[in-house]
Amino acid sequence: QVQLVESGGGSVQPGGSLRLSCAASGSISSISGMGWYRQAPGKQRELVANIVSGGSTNYADSVKGRFTISLDNAKNLGYLQMNSLKPEDTAVYYCNARLRRIVSGFDYVYWGQGTQVTVSS
């Protein structure tokens, strides 16, 4: 069974840092691309950052210069390093990834279950 599992969320004071991890498991050969999304209460889910296997990245304006997305295909892991956190970063963060299935060779999109990030003094 192919799945994505996020970890690393928690509570932090403004100005603090957290690193989210997204682990892909199952019959996959590689991660073709990964994105991190977030959803705050009463708001729509929004893209925070994404990365493709070649290394190109894209960030929402609100997190540029503070967040860094990375991919470790050797370990089937993705990361979102979040620095200088603000209260407005509070949300449930979701990992989304295109995973290449071993048997078919095709990419399929999967979502993780989400991890809560709370920034508060």
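Just above, that's the structure.
Predicted model, so just to flag it, every value in this text is computed and none were measured. (Residues numbered from 1 in each chain as written. Predicted model: local features only at pLDDT ≥ 70, side-chain atom pairs only at ≥ 80, totals over all residues. Heavy atoms only, no water.)

(A) Spotlight on the pairing of strand 8 (residues 77–82). Taking burial as the measure, the six residues of strand 8 include five buried ones, the bulk of the element. Across six bridges, the pairing between strand 3 (residues 18–25) and strand 8 is antiparallel. Counted as the bridge partner of S21 is Y79 from strand 8. (Buried < 20%, exposed > 50% of the residue type's maximum accessible area, 1.4 Å probe, protein only. Helix = DSSP H or I, 4+ residues; strand = E, 2+ residues; numbered from the N terminus. Pairing = 2+ DSSP bridges.)

(B) Representation of the packing of aromatic side chains within the structure. Taken as a whole and judged by the stated rule, the model has one aromatic pair. The residue whose ring lies beneath R45 is Y94, and the NZ or CZ to ring-centre distance is 3.7 Å. Note that R45 overlies the ring of W111, its terminal NZ or CZ placed 4.9 Å from the centroid. (Phe/Tyr/Trp six-rings, centres within 6.5 Å; stacked < 30°, edge-to-face > 60°. Lys NZ or Arg CZ within 6 Å of the ring centre and 35° of its normal.)

(C) Molecular detail of the sheet that holds strand 7 (residues 67–72). If you trace the four strands from one edge of the open sheet to the other, you get 1-3-8-7, paired in antiparallel fashion. Whereas interior strands pair on both sides, the edge strands pair on one side only; in this sheet they are strand 1 (3–7) and strand 7. Taking each pair of neighbouring strands and ignoring which way they run, the sheet shows an average axis angle of 15°. Pairing geometry for strand 1 and strand 3, over five bridges, is antiparallel. Across the sheet, residue Q3 finds its bridge partner in strand 3, namely S25. (Axes fitted to C-alpha atoms, helices over the stretch in contact; angles between N-to-C directions.)

Function cannot be read off these values alone, since they describe shape.
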